[in-house]
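# Working through the structure, step by step
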Amino acid sequence: MKKGLKFFFTNFFVSVFFIIAALAYFHPVLQGKVIYQQDIVQYTGMAKEQNDFRKQNDAEPYWTNSAFGGMPTYQLGANYPHNYIKKLDRLIRFLPRPADYLFLYFIGFYILLCCLKVDYRLAILGALAFGFSSYLIIIIGAGHNAKAHALGYLPILLAGIVLVFRKKYLVGFLVTAIAMALEIVANHYQMTYYFMLLVLILGVVYLIDAIKRKELKHYFISVGILLGAVLLGIASNATGLLATKEYADWSTRGKSELTINPNGTYKDNTTGLSKDYITQWSYGISESLNLFVPRLFGGASQENLGEDSKSFNYLIDKGLPRSSALDFVSGLPLYWGEQPGVSGPAYIGSIVFFLFILGLYLVRGKHKWWLFFGALFSLALSWGKNFGLLTDFMIDHFPLYDKFRAVSSIQVILELCAPILGILALKKMFSSKVNITDKFRSLKYAAGTVIGIGVLLFVFKGMFDFIGPSDERLRMTGLEELPEMLKLDRKAVYTSDLLRSLGYVAISILLLWFYLKEQLKMNLVLIAIGTLLVFDLVGVNLRYVNSDSFVSKRTMLEPFQATAADRQILKDDSVYRVFDQTNGFDSAKTAYFHNSITGYHAAKPSGMQDLFEFHVYKGNLSVFNMLNVKYVVRQDEDGNAFPIENPNANGNAWFIKNLKSVGSANEEIVALDSLDTKTTAVVNTNTFNNINRFDYQLDSIASIELIDYKPNHLKYTSENPNAGIAVFSEMYYAKGWNAYIDGKLTDHFKVNYVLRALKIPEGKHDIEFKFEPEVVERGSKITLASTLLLGLILLGGIVFSFMKAKKEEKE
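Scope of this entry: the structure provided in the associated data block. (Residues numbered from 1 in each chain as written. Predicted model: local features only at pLDDT ≥ 70, side-chain atom pairs only at ≥ 80, totals over all residues. Heavy atoms only, no water.)

## Quick notes on the sheet that holds strand 5 (residues 577-580)
Stated formally: Two strands pair under a simple rule: DSSP has to find at least two bridges between them. Every helix listed is a DSSP run of H or I at least four residues long, and every strand listed is a run of E at least two residues long, numbered separately from the N terminus. Between N-to-C directions, angles cover 0 to 180 degrees, with each direction set by a line fitted to C-alpha atoms, over the stretch in contact for helices.
Across the sheet, which stays open at both edges, the three strands sit in the order 5-6-7 with mixed pairing between neighbours. With partners counted over all chains shown, the strands left at the sheet margins are strand 5 and strand 7 (641-645), one partner each. Taken over all neighbouring pairs, the strand axes of this sheet differ in orientation by 25 degrees on average, direction set aside. Where strand 5 meets strand 6 (residues 629-635), four bridges bridge the pair, whose relative direction is parallel. Each bridged residue has a counterpart across the sheet, and for D580 the counterpart in strand 6 is V633.

## Topic: the pairing of strand 10 (residues 680-684)
We apply this condition: Three labels apply to residues, based on accessible area from a 1.4 Å probe with only protein chains included: buried if under 20% of the type maximum, exposed if over 50%, partly exposed otherwise in between. Handedness of a crossover: with both strands directed away from the viewer, a clockwise path from the first strand across the helix to the second marks it as right-handed.
In terms of residue burial, strand 10 counts as a mostly covered element, since five of its five residues are buried. Alternating positions in strand 10 separate into two faces, T680, V682 and N684 on one and A681 and V683 on the other, with burial throughout. Handedness of the crossover is the feature at issue here: the chain leaves strand 9 (residues 658-662), passes through helix 29 (residues 665-671), returns alongside strand 10, and the resulting connection is right-handed.

## Focus on unusual backbone geometry
What is expected of a backbone is that most residues other than glycine have negative phi and most peptide bonds are trans. Cis peptide bonds are those with omega within 30 degrees of zero, and the linkage from R97 to P98 qualifies with 10 degrees. One can find P98 in the loop between helix 4 (84-92) and helix 5 (99-115). Its identity as a non-glycine residue notwithstanding, Y62 has a phi of 60 degrees, on the positive side. Checked against the element boundaries, Y62 lands in the loop between helix 3 (48-57) and strand 2 (63-64). Backbone geometry places K214, a non-glycine residue, at a positive phi of 60 degrees. Here K214 lies in the loop between helix 10 (189-213) and helix 11 (216-235). Note on K214: relative accessible area 77%, which makes it exposed.

## Describing the sheet that holds strand 18 (residues 763-771)
The antiparallel open sheet is built from five strands, whose spatial order is 11-12-18-14-15. Each edge of the sheet is formed by a strand with only one pairing partner; in this case those strands are strand 11 (703-710) and strand 15 (744-746). Strand-to-strand, the axes of this sheet are offset by a mean angle of 25 degrees, without reference to chain direction. The pairing of strand 14 (residues 737-741) with strand 15 spans three bridges and is classified as antiparallel. By the bridge assignment for strand 15, I741 is matched with K744.

## Quick look at the packing of helix 6 (residues 120-131) against helix 23 (residues 522-541)
Note the threshold: Roughly parallel means an angle under 35 degrees; roughly antiparallel, over 145; roughly perpendicular, 65 to 115; everything else is oblique. Every residue pair with non-hydrogen atoms within 4.5 Å of one another is taken to be in contact. For this classification, Asp, Glu, Lys and Arg are treated as charged, while Ala, Val, Leu, Ile, Met, Phe, Trp, Tyr, Cys and Pro are nonpolar and the rest, including Gly, are polar.
Two numbers describe how helix 6 lies on helix 23: the axes approach to 10 Å, and their chain directions differ by 10 degrees. Compared by their axis directions, helix 6 and helix 23 come out roughly parallel. Contact residues: R121, L122, L125, L128 and A129 in helix 6; M522, N523, L526, I529, G530, L533, V534 and L537 in helix 23. Residues of the contact of helix 6 with helix 23, tallied by class, amount to ten nonpolar, two polar and one charged.

## Considerations on empty space enclosed by the protein
What counts here: Each cavity reported here is a set of points on a 1 Å grid over the protein atoms alone in which a 1.4 Å probe fits but cannot get out, each pocket an open set with protein on both sides within 12 Å along at least five of seven lines, and each lining residue one with an atom within 4 Å of a point. Grid points are joined across faces, edges and corners, and a volume is the space filled by probe spheres set on the points.
Enumeration according to the criterion identifies two cavities of 30 Å³ or more in this entry. When its volume is computed, the largest cavity comes out at roughly 60 Å³. Lining the largest cavity, in full, are N65, V575, Y576, R577, N595, N628, N652, Y709, S729 and E730. For the lining of the largest cavity, the per-class residue count stands at three nonpolar, five polar and two charged. One number sums up the size of the second largest cavity: a volume of about 50 Å³. As for the second largest cavity, its lining consists of Y194, L197, L198, I201, G374, F377, S378, I410 and I413. Among the elements that make up the lining of the second largest cavity, the one with the highest residue count is helix 10 (four residues).

## Section: helix 11
Filter applied, for reference: Take the residue count of a helix, subtract one, and multiply by 1.5 Å to get its expected span.
Helix length check: helix 11 (20 residues) gives 28 Å between terminal C-alpha atoms against 28 Å at 1.5 Å per residue, within 8%. Among the residues of helix 11, those classed as buried are H218, Y219, S222, L226, A229, V230, L232, G233 and A235.

## Comments concerning the pattern of salt bridges
Where side chains of opposite charge bring their charged atoms close, a pairing between them can arise. For the record, the criterion: We define a salt bridge as a side-chain nitrogen of Lys or Arg found within 4 Å of a carboxyl oxygen belonging to Asp or Glu.
For the coordinates displayed, the defined rule picks out 25 salt bridges. The closest approach of N and O atoms between K245 and D249, which form a salt bridge, is 2.7 Å. Of the two residues, K245 and D249 are both situated in helix 12 (residues 238-250); the distance of four residues between them amounts to about one turn of the helix. When salt bridges with common partners are traced through the structure, they connect D89, R93, R97 and D100 into a single cluster.

## Here's the deal with helix 23
Taking 1.5 Å per residue as the helical rise, helix 23 with its 20 residues ought to reach 28 Å, and the 28 Å between its terminal C-alpha atoms agrees with that figure. Buried residues of helix 23: M522, V525, L526, I529, G530, L532, L533, D536, L537, V538, V540 and N541, and no others.

## Comments concerning the nonpolar core
Stated formally: Only buried Ala, Val, Leu, Ile, Met, Phe, Trp, Tyr and Cys residues count toward a nonpolar core, and they belong to the same one when joined by side-chain atoms within 4.5 Å.
With 164 residues, the main nonpolar core has F26, I420 and L512 as its most contacted residues. Among the elements that take part in this core, helix 8 (residues 145-165) stands out by supplying 14 residues, more than any other. Here F26 is in contact with I35, P98, A99, L102, I140, V545 and F550, once residues within four sequence places are set aside.

## Describing the environment of A127
If you trace the backbone, A127 turns up in helix 6. By relative accessible area, which is 0% here, A127 ends up buried. A C-alpha to C-alpha distance of 4.7 Å links A127 and F106, two positions 21 residues apart in sequence.

## Observations concerning the pairing of strand 11
Examined bridge by bridge, strand 11 and strand 12 (residues 713-720) share seven bridges and lie antiparallel to one another. Paired with D708 across the two strands is K715, which belongs to strand 12.

## Section: the environment of Y153
The condition that has to hold: For this analysis, a polar contact is any N or O atom pair within 3.5 Å, provided that within protein one partner can donate a hydrogen and the other can accept it, and provided that sequence-adjacent residues contribute only side-chain to side-chain pairs.
Tracing the backbone shows Y153 in helix 8. Residue Y153 is classed as buried on the basis of its relative accessible area, which comes to 0%. As a C-alpha pair, Y153 and S442 span 289 residues in sequence and 33 Å in three-dimensional space. Y153 has contacts with D89, I92, R93, L104, L182 and E183, leaving out every residue within four places of it along the chain. Here the side chain of Y153 touches D89 through a polar contact of 2.6 Å, side chain to side chain.

## Comments concerning the packing of aromatic side chains
Our working rule: Ring pairs are drawn from Phe, Tyr and Trp, using the six-membered ring of Trp, whenever the two centres fall within 6.5 Å, and their geometry is named by plane angle: stacked under 30 degrees, edge-to-face over 60, tilted for the rest.
Within the structure shown, the criterion is met by 56 aromatic pairs. When the centroid spacing of 5.9 Å and the interplanar angle of 85 degrees are considered together, the rings of F688 and Y732 count as edge-to-face. Separated by 44 residues along the polypeptide, F688 in the loop between strand 10 and strand 11 and Y732 in the loop between strand 13 (724-731) and strand 14 bring together distant segments of the chain. The exposure classification of F688 matches that of Y732, with both residues buried. Cluster of aromatic residues (ring-pair linked, three or more members): F17, F18, Y25, F26, F106, Y110, F132 and F550.

Quick look at the structure:
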C-alpha cells in the first residue's frame, strides 16, 4: 500500500513539474496569446470552407472546393465517426497549445525511461533533455503541429515495446496498442514510418540477444504480442488511415498516370515523389555537428545578428539610421549549410551529446546497440543526396520510403536515441554495481572524444568558406561588402558557440569527476547537470521560439485580411474560381476568401499539379475557362492587387458538341493544348471504354444551371430537347462523388484529364452530385469494433491487476 502511494505521489508531482515547465517556456499562453505558426496560417486558409460548413451544419463535408479546384478534407482535420481515441488524445493534451506538445514530450519520455528501469530523478532529466531538444521546439514555432504531436507519442510507443520484451506482456500490449492508436491520431505518418525503421533495428538487436541467451521462444511471443497491439492500434484509426490511403493514391504521393514530362521527354519516376523532391532537404555531412555546436553552420536562414555584429556596424558606416540597420540585420541569412533553408539547427545539446558518447563507452548490452545503430542509421539517412548510395537504395527498394519528402527530418530518431543512451550512461555512473575503474576510463575516453572533436573544429575552421547560397543576392541591394561582413559574423558565431558547447561539456566532466572522487553527492551532481542542460537547450531555443513568436488569438483565427481586390470579387455571389497571381502558387490565402485553383499542401491533388505544369504555368486560357476561373488577380506597377474578370469562363456546367477519344493519359493532357473546351471534351477511352457508344448532340437551346451549392452537394437543373453530354467544372474523384439524375444514381466519367462529365437524357431534369465517401462508412465500422475491443482488453487488464494485487496482499 505504501509503495503504491509513493508511486502515485511521485509521478503526480513529476507531472505537475512538467506542466509548470511547459507553461513557463510558453508563458504567453497564460495571457491568452497564441503562437504564430506559418503552417497553421496556411491550414486555416485551406480549411476555411470546411470549418464554416461544420459550424453551420454540425456535420462534416469531407470535401472542399476552396483549394486546388476541389479535394477531400481527409488531410485537413476531418472528424470521423467513433473516433474515441481522438477524444482521449484531447484529454491528454489539456494544456493550451503549444504548451500541450511540450508537456507531451516531457511525460512521454519520462514514461519511457521509467519503463527502462531508470530512477525517476534521472528520468526527469532525460525528459527535459528530449523535450527541449531544439528541433522539437523549432517545429512548433514553424507550425508543424502534426509532427510535434506524433513525436510526443513515440516515446510511449517505445515504452510499450520495451515492456513486452521485459515480459510485462499484458501491460506492454496495452501501452503499445493505446500509444499506437494515439500515434496514428497525430496524423504524421512520416514520423511514424521513421520510428518503425528504428523498431526494425531494435528487433534485429533483440533477436541476436535472444539467440545468445537462448530465449527465442520469449522473443517470438513478444513479437506476436506487439504485432497484435500495433494492428489493434492501427485498426482503431481505420477511417483516417483508409481515407488517407485513398487520397494519397489520387495525390502527388501516388502513382502518376503520366509517363511524359511537360516538355515531352520520358518521365523517369511515375510512382511516389521524385528523388530530387525527396532529397531537396538533405543534411550536409559536416553540418551534422550542429548536434554538438548549435550555430556551427550559422543557425537559421533568417537570424537576428544584433548590434554587435559586423554587418550592423557596416550598415551604420554606410549611413543607415540605427533603427533601419537593426531591422536589416534582424533577418539576415546566417545559415550557410547545404539545405535550401532552415528555421534553426537540430541541436540536441552539448551535454546530451557528451553523455551519448559516454554511453557508447560505458553502457553494455542490447540497449546500447539498438540506440547506437538507430542514431547512426537515421543520421546517415538524413544526409539524403549527400549519401546517395544509401538514400537511392532506400528510395528504390524500401517500401513506402519514396512517399516522404525532407529526408533531413529523420534525425528525429537520433534525437530520440541520444538522450536515452545519455541517461543510461548516467545511470551506470551512479550505479554501485559498475566498477569504478570502468567509470573513470569511460569518462576519460568520452571527454577526450568530445573535446577532441571541439579542438579539431577549431583547427580546421579555415577549411570552411562560410558562404551562403543567398549571399550574391545581397550584393544586388547595393551593399557590396555585406556578404563579406556576413562571413565574419558567421565565423564569430561558429567560434562563440563552439566555446559555449565546450564550456558546458567541461563543467559536466568536472562534476562527474568530482562525484567519482566522492567529493560531490549524486543529488547535487544531478541538479547541477540538469540546470546546465536546461540553460544550454533553452538558451538556444529562445533564439528561435520566444515570447515574440506569440500574437493575439484573433490574429491566428483570422490570419488573412481581404484586399480591395478580394472585396470587389466577393460582390459576385455566383459560384466561380479565382486565380490570384499575387499570392504565389503555394499559398492558401486565396482559398480563405474564394474557391481557388491554388493552395498549400504537402500532398497536392496530382491532376491539378499536372495541369499547372503542362498548361497553367504556360498561360493556357482554355484550361482557365474549363476550371471556371472567372477572376484573375494581378498587381499594378505600384504593387496593388486588382482583379480581371474572365468573360470566357465556361461556368459551372455546359453541354458539349464533340467528345474526342484518346488512348492514354499522356494524349489526354496534351490534347488540352489546342482544345476548345466550350464545345469539345477529351476522354481517355482506355479507362472509360464504353463512352463511344453514347448517342448525344448539342442543341442551341440546351441549358444547364447550378441552382444550389454546398461543397459536398451540388444541385443543377438541365433542359435539352436531345440527349447530351454535360461537362462540370468540378474535379473528378471516383471514390466518393456520386451523380444522380432525378434521384437515380447514374454513372459519370472523367474528361479533360480532371473534370466530371455526365450523359443526360433529353427533357428537363434535376441533377445532383453528392460526396458520399464509402471509405468513411466502412472505416467507421472497423474503428468502432477495434476501439471496443481495445476498451474491453483494457478493462480486463485493470480487473486482472486489481485481483492480482488483492491476492498478493492476502499472501
